[in-house]
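Listed below, chain by chain, are the residues.
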Amino acid sequence: MRLSEPRLLAALPELGVERIAGASLAERTSLAIGGTTDLLLIRRHASLPELVSLLRAAGVPHRLLGGGTNLLVQDGELPWVLLHLARNQPEVHLDGRMARVDAAADLGRTVTFCAKHNLGGMEGLIGVPGTVGGALRMNAGAYGTQIGTWAREVQVYRAAGGRIETLRGDALRFEYRHTSFAPDDIMLAVKLELPEKPFSEILQGIRVCNEKRRASQPLNQKSAGCIFKNPPGASAGRMIDDLGLKGFAVGDARVSDRHANFFINAGQACCADMLALIAQVRERVRQAFGLELEHEVILWTGV
Ligand code: EPU
């Protein structure tokens, strides 16, 4: 979608918003799949309410793009513009055990920054790609750590009320890859209360998680991490593996040889290839195990 309304375009610079015309989602997602649209890079986060109200008044559909690491996007010209929060410096402010982190901050860099200041608890998240805001929305987790455990306060733009609000951690629900945020809430910042630990101890934990991840996940290939959630008490990856589906492909969309719950773009996969692969694998699992796998990756498809 291309923005064309002159009044809207004229207002963007005053709001600290830069328009990137015809941005490619294939270049902005870890799966390297997706079409093009105008992207609004928001340098001044406080102007989000005004920006959204202008877009609404102009009847322009919009979505927030975070790190693009857990996302499958349709091809072609996309029917919404994208909002994207620019990174502000510094991304992390420390106050004792409390780290106030910008939602646009890179998750891995945040983990190491806090570690260097003897704040741990996030070792397991070290190899999880994406932003802190994206991790928070999904309650990203790995190796026994979930980010929501440490969230004490979240600053969020609530589309429903059109305002920026500060929510207390105990008013939010963080579950397995699910939170109580509304789908159109936009994370702006989070306060994480982290346990104090010596840097050397945190580093050791980080090394162990890195090794486990390197040994079991296809890190150097284009993927969106795990495609399906694990059903209670079961592992989607193991079930898909047990069915002999590693290497199974639709076009260039392929089940990883290393971890069967990672689907990779092995070349020029399009969105339809990936969706067909997801549907076929889900059907095979349903037939064999009687379980309906739920996708973990976020789908911006078929709209
Ligand atoms: N397994 C297989 N074959 C495979 C993959 C896994 O037999 O192809 C077996 C493993 O040997 C292991 C079991 O299945 O016994 C579980 O595998 P793993 O430890 O790799 O964990 P997972 O349940 O597949 C989850 C998260 C990952 C996270 C890891 C580590 C989900 C859907 N996945 O994977 O998160 O990194 O644990 O904590 O919850 C993600 O969310 O995108 C993601 C990658």
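Scroll up for the structure.
I will try to describe carefully the structure that is included in this document. What you see is a predicted model; the values in this text were computed from it and never measured. (Residues numbered from 1 in each chain as written. Predicted model: local features only at pLDDT ≥ 70, side-chain atom pairs only at ≥ 80, totals over all residues. Heavy atoms only, no water.)

### Some thoughts on the packing of aromatic side chains
No. 1: On inspection of all chains with the given rule, the structure shows three aromatic pairs.
No. 2: On the basis of an interplanar angle of 70° and a centroid distance of 5.4 Å, the ring pair of tryptophan 80 and tryptophan 300 is categorised as edge-to-face. With tryptophan 80 in the loop between strand 4 (71-73) and strand 5 (81-85) and tryptophan 300 in strand 19 (residues 298-300), this residue pair connects regions lying 220 residues apart in the sequence.
No. 3: An angle of 85° between the planes, with centres 5.8 Å apart, marks the rings of phenylalanine 228 and phenylalanine 263 as edge-to-face. Residue phenylalanine 228 is found in the loop between strand 15 (223-226) and helix 6 (236-242), and its partner phenylalanine 263 is found in strand 18 (residues 262-265); the two are separated by 35 residues along the sequence. In terms of burial, phenylalanine 228 and phenylalanine 263 fall into one category: buried. (Phe/Tyr/Trp six-rings, centres within 6.5 Å; stacked < 30°, edge-to-face > 60°. Helix = DSSP H or I, 4+ residues; strand = E, 2+ residues; numbered from the N terminus. Buried < 20%, exposed > 50% of the residue type's maximum accessible area, 1.4 Å probe, protein only.)

### Brief notes about the site of the ligand
No. 1: With respect to spatial proximity, 20 residues lie near the ligand, and among them Tyr143, Tyr176, Asn230, Arg238 and Glu296 are the closest.
No. 2: At 2.8 Å from an oxygen atom of the ligand is found a side-chain nitrogen or oxygen belonging to arginine 177.
No. 3: Note that an oxygen atom of the ligand is positioned 2.9 Å from one of the side-chain N or O atoms of histidine 259.
No. 4: Protein burial of the ligand: of its 820 Å² of free accessible surface, 73% is covered by the chains.
No. 5: Elements with a minimum of two residues in the shell around the ligand: strand 15 and helix 6.
No. 6: The biggest single contributor to the shell around the ligand is helix 6, with three residues. (Near = heavy atom within 4 Å. Polar contact = N/O pair within 3.5 Å; in protein donor to acceptor, adjacent residues only side chain to side chain. Areas by Shrake-Rupley, 256 points an atom, 1.4 Å probe, with all protein chains shown as cover.)

### Description of the sheet that holds strand 15
No. 1: On the basis of which strands lie adjacent, the open sheet formed by four strands has the order 15-18-17-16 and antiparallel pairing. Because the sheet does not close on itself, it has two edges, and the strands there are strand 15 and strand 16 (249-250).
No. 2: By the bridge criterion, two bridges tie strand 16 to strand 17 (residues 253-255) in an arrangement that is antiparallel. For valine 250, the partnering residue across the bridge sits in strand 17 and is alanine 253. (Pairing = 2+ DSSP bridges.)

### Regarding the pattern of salt bridges
No. 1: The final tally for this structure, using the stated rule, is 18 salt bridges.
No. 2: A salt bridge links arginine 286 to glutamate 283; the nearest nitrogen and oxygen atoms lie 2.9 Å apart. Separated by three residues within a single helix, arginine 286 and glutamate 283 lie in helix 7 (residues 271-289), roughly one turn from each other.
No. 3: In this structure arginine 286 comes out as partly exposed when scored by relative accessible area, which is 35%.
No. 4: What you see here is one network of salt bridges that share partners, running through Arg2, Arg19, Asp38 and Glu77. (Salt bridge = Lys/Arg side-chain N within 4 Å of Asp/Glu carboxyl O.)

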